[in-house]
Amino acid sequence: MDQVSKNSSEYLINRKDNQYEVVIGLEVHAQVLSESKLFSASATKFGAEPNTQVSLVDAAFPGMLPVINEFCVKQAIKTGIGLNAKINKRSVFDRKNYFYADLPQGYQISQFKDPIVGEGKVILDMPNGQKEIGIERLHLEQDAGKSIHDLDPQNTFVDLNRSGVALMEIVSKPDLRSPDEVSAYIKKLRSIMRYLGTCDGNMQEGSLRADVNVSVRAKGSKEFGTRCEIKNVNSIKFMQMAIEFEANRQVDLIEEGKSIDQETRLFDTKRNETRSMRSKEDAHDYRYFPDPDLLPLEVSDEFINELKNKIPELPDDKKKRFIDEFKLSPYEATILVSDIDTAKYFEEVVAKMGKKKDMKLAVNWITGELFSVLNNKNLEISQSPVSAKNLAILVNLIKNGTISGKIAKTVFELMLNGDKDPQIIVEEKGLKQQSDPKAIEALIDKIINDNREKAIEYKQGKEKLFGFFVGQAMKASGGKANPQLINEILKKKLQ
Amino acid sequence: MSDITKQSLTELVDNIKNKKLSSLDVTKAFIERSEKSKELNVYITNDFTSALDKAKKFDQKPNLNLKLPGIPMAVKDLFCTKDVKTTAGSKILNNFVPTYESTVTENIWNEGAILLGKLNCDEFAMGSSNETSFFGNVQNPIDKDLVPGGSSGGSASAVAGQLTPITIGTDTGGSIRQPASFTGTVGLKPTYGSCSRYGIVAFASSLDQAGPMAQNVKDCALLQEVISTYDSKDSTSVDFKRNQYSKELTNNINGKKIGIPKEYRVDGMPKEIEDLWQKGIQYVKDCGAETIDISLPHTSYALPTYYIVAPAEASSNLARYDGVKYGFRAKGENLIDMYEKTRSEGFGAEVQRRIMIGTYVLSSGYYDAYYLKAQKVRKLIKNDFDEAYKKVDAILTPSTPSSAFKIGEKTNDPVSMYLNDIFTVPVNLAGLPGISIPAGHDSKGYPLGLQIIGKAFDEQNILNIAYAIEEKIDFKNKITDWWIK
């Protein structure tokens, strides 16, 4: 039997007679949303003056000791629950030892052998169906400070504001197979964490970044190829570009009969290429060992269950509910739930509209007009110039026939300026739809009268002219006439 | 009063409370004697001027309800003291002035005591003779050119030489008990978790513990009462019910069962030590206690285990001294060069040796064979004690396998130096409390100590046993003031 891939979007790299599959695993570093750091009370605000959010612990003064921030532990556990993962009741903090100017302790406190969260999974909605991606683990660790090399020709400056900030490292299994899946995976992780309020997912501010492990293998092979790790990529686009370049580089090596060295590589965003950073032989020996300043972290079932009870509805469940409750297509539902603020906006519209049954029109307005405005103005939905409440009123005005869909677009344009109540706009501008059959009939009679020849042509079979009459009627009413009524009456009159 | 410095802490506290002495009288007396005692080299930094100010201030409005009212006290230079230079005996911290106070010293000042100065110690507390200090070796008041032990050598000499009525040291493998034994003083290493490690320059975090060093057991109990508090700033601090150690102190140890571990009878141990131990056994029996022969089978593995665990932790703890943020910095061509020069010039030989050992035992490929195995053995050593404590209330051993040795005698033989800690190290590995009390003299007239090891958090019991033995022994330290011209 022929093995034919039904997966039309399968990502393969083709060379002469050979096809290669790309295998990708991600180590995502997500900054824990927390007022204070993982082991100290310093603030974590982004963009603060350099070295203004640094405690004696963060700067590793002699005799200073780390004390775990319970809130960060809760955030990690919540994220673990959101990833359908096993929560480990006992985890251990280890020291990862290396020297660098922005690492004041000379070690990073991380979790090596016993992470706080074990195996889990996330579901990706791909165009050709769902795909499950395994989560290997999630662990808590400290971020390092920042070295600034370009302020002085001789010296490097160090900003320790970030030193000690809590990160969650989320390690996926090597289940990803294409740049598109990587994009979907990152977006899904981001979405889940934003629903949970455990990470703001802001990639520009570095709250979410990833090390990307890439290997290739002949299509159909079960063995993994030698992987390379691309360090610290901070946008989805760059991840995709880096994977594309790296996979092709590896395939070229194989095709030339060369071998791939296991190494750490850097992605140069300007040249769109990956470059070797260090080989396996030069890999750091981090000398991990349990941090003797910290006891093993132990959490009880009650502690975990209490957090479980507070987990909000997550994107997968919300999507299911939207489909069931509002009869949305899976596609529409996916768009609405992918970002928590969009879902919130939609649910506010639903609540305002009052009728829960047919939300298709509302969805169209959100994903159509609203999204295009947000896109053009480069705004987040949370900054939308039109509030959910007023959009709901607008949709209701269309549904109850007060205005036509066409007029609604005019009204919407006017709403953008100051989030005005559409009802007031309709009143003030006199945009109310004309739905009086007698008035429309009179209007149509006049048009037919003025265009007798065309009416005859129509009756003789030139049906295209129907549109002309509709247009004339609309124009005559200033666009306000109910188009359905125009259609009905015109048809009758032109028979 | 000319004999102020000869008084015990308890006597001084009483005299201040009864207004027979002022804080200024006492502070002045210790400062004067300290100034005449420069040859002992116990001080790295003195804070005499501000000590006198504080004493005057205390006397103006004396709070006599405090436990250490106006008592001057010098402390080991491993405790960070706000606005007073803290060096850990190292060049790398030669210019370091903390903006913060360690919890242990904070507790002491809160009870009315006054800082006299910072006492010499082995560099980062790594040493058994106080010879690794960047600030030179310390003389033992017992005899010229005799080491005071280490690492709390300055503390031990300062108490024995009556330059401070009492002091605190730190003990990672014997650094309180061994120098106490070498100087004829009393030193207590509390249970791990009893005293906060916050603000103490770290050597080996899972072993380090601060403790009192005193002229007698009662003084020791009083200071332990002051320094032992639960501290949320130290994650390994334990919140247990602490005794009023000095108030609850009793010499009634009738019916107590004292274990005598056969494994502490090591090869090559001088007969004097064996005799001292036998004398100790007789003393506790005389006090109404019962002695029971016990076995701590993994004792011989304690020293190798310690010399893996302690350097491993130290290699990581000392990584922060890199010239970037504070302390000594050497000029370098680039970052790596600066690191190498700073650490080569800033750390002494013993510290460098231990950093190298620690780095080695943690490196990949060796971790399992050394560090992991050592942790397993450490557990076995602890189990030995747990087993023993099913049968006995405390354990009696010698404190050290010999009396104090001459300066320079062992500096070129690290292993023989390390062997000094053979009786004290197991106690740290098991996290237990241990006290060394002076129990006699060897043929050279040098003091010898006995060690009493207790159950975890049972400091009261070993203090009581020490108190009872102390009364029987009636030890007199032979201090001739040879260094005062």
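What you see is a predicted model; the values in this text were computed from it and never measured.

Moving on, we come to the overall build of chain B. When its secondary structure is counted, chain B shows 15 helices and eleven strands. Radius of gyration (C-alpha) of chain B: 21 Å, near the 23 Å computed for a compact globule of 485 residues. For the C-alpha atoms alone, the extent of chain B along its principal axes is close to 60 × 55 × 45 Å. For chain B, with 485 residues in total, the buried portion stands at 60%.

Here we take up the domain arrangement of chain B. All names here are of chain B. One can read the domain layout of chain B as domain 1 (4-252) and domain 2 (301-375). Taken together, the contact pairs 21 residues of domain 1 with 17 residues of domain 2. The residue inventory of the side of domain 1 that touches domain 2, partitioned by class, reads ten nonpolar, nine polar and two charged.

Residues and elements named next belong to chain B. The three strands lie next to each other as E1-E3-E2, forming an open sheet whose pairing is mixed. Of all strands in the sheet, those bounded by a partner on one side alone are strand E1 (43-46) and strand E2 (72-76). Taken over all neighbouring pairs, the strand axes of this sheet differ in orientation by 35° on average, direction set aside. Here E2 pairs with strand E3 (residues 114-119) via five bridges, running parallel. Note on E3: the bridge partner recorded for valine 75 is lysine 118.

Another point: the nonpolar core. Membership of the largest hydrophobic core comes to 244 residues, with the highest contact counts inside it found for A:Ala76, A:Val212, B:Met73, B:Leu463 and B:Ala466. For this core, the element with the most residues is helix H2 (residues 179-196) of chain A, which contributes nine residues. The residues touching B:Leu463, leaving out its near neighbours within four places in the chain, are B:Val217, B:Cys220, B:Ala221, B:Tyr245, B:Leu249 and B:Ile435. By size, the runner-up hydrophobic cluster in this structure holds eleven residues, among which are A:Ile440, A:Ala473, A:Ile486 and A:Leu490.

So, on to the domain arrangement of chain A. Residue and element names in this part refer to chain A. For chain A, the assigned domains read domain 1 (20-307), domain 2 (313-429) and domain 3 (437-493). Put simply, the middle of domain 1 and the middle of domain 2, counted by C-alpha atoms, are 36 Å apart. Counting residues at the interface gives eight residues for domain 1, matched by seven residues for domain 2. Those elements giving two or more residues to the side of domain 1 that touches domain 2 turn out to be strand E6 (120-126) and H2. Of all the elements, H2 adds the most residues to the side of domain 1 that touches domain 2, at five residues.

Note: interface size is frequently given as the accessible area lost on complex formation between the parts. Opposite the 24 residues of chain A that make contact, chain B presents 32 residues. In terms of residue class, the side of chain A that touches chain B is built from 16 nonpolar, four polar and four charged.

On to unusual backbone geometry, then. Residue B:Ser151 is bonded to the preceding B:Gly150 through a cis peptide linkage, with omega at 10°. Examined against the element boundaries, B:Ser151 turns out to sit in the loop between E3 and helix H5 (153-160). In the Ramachandran plot, A:Asn272 falls in the positive-phi region, its phi being about 50° despite a non-glycine side chain. On the secondary structure map, A:Asn272 appears in the loop between strand E13 (263-268) and strand E14 (273-279).

The rules behind each value
Residues numbered from 1 in each chain as written. Chains lettered and ligands numbered in written order. Predicted model: local features only at pLDDT ≥ 70, side-chain atom pairs only at ≥ 80, totals over all residues. Helix = DSSP H or I, 4+ residues; strand = E, 2+ residues; numbered from the N terminus. Rg over C-alpha atoms; globule rule 2.2 N^0.38 Å. Buried ≥ 20, exposed ≤ 12 C-beta atoms within 10 Å, placed from the backbone. Domains from an automatic or database assignment. Contact = placed C-beta atoms within 7 Å. Nonpolar A, V, L, I, M, F, W, Y, C, P; charged D, E, K, R; others polar. Pairing = 2+ DSSP bridges. Axes fitted to C-alpha atoms, helices over the stretch in contact; angles between N-to-C directions. Core = buried A, V, L, I, M, F, W, Y, C linked by C-beta atoms within 7 Å.

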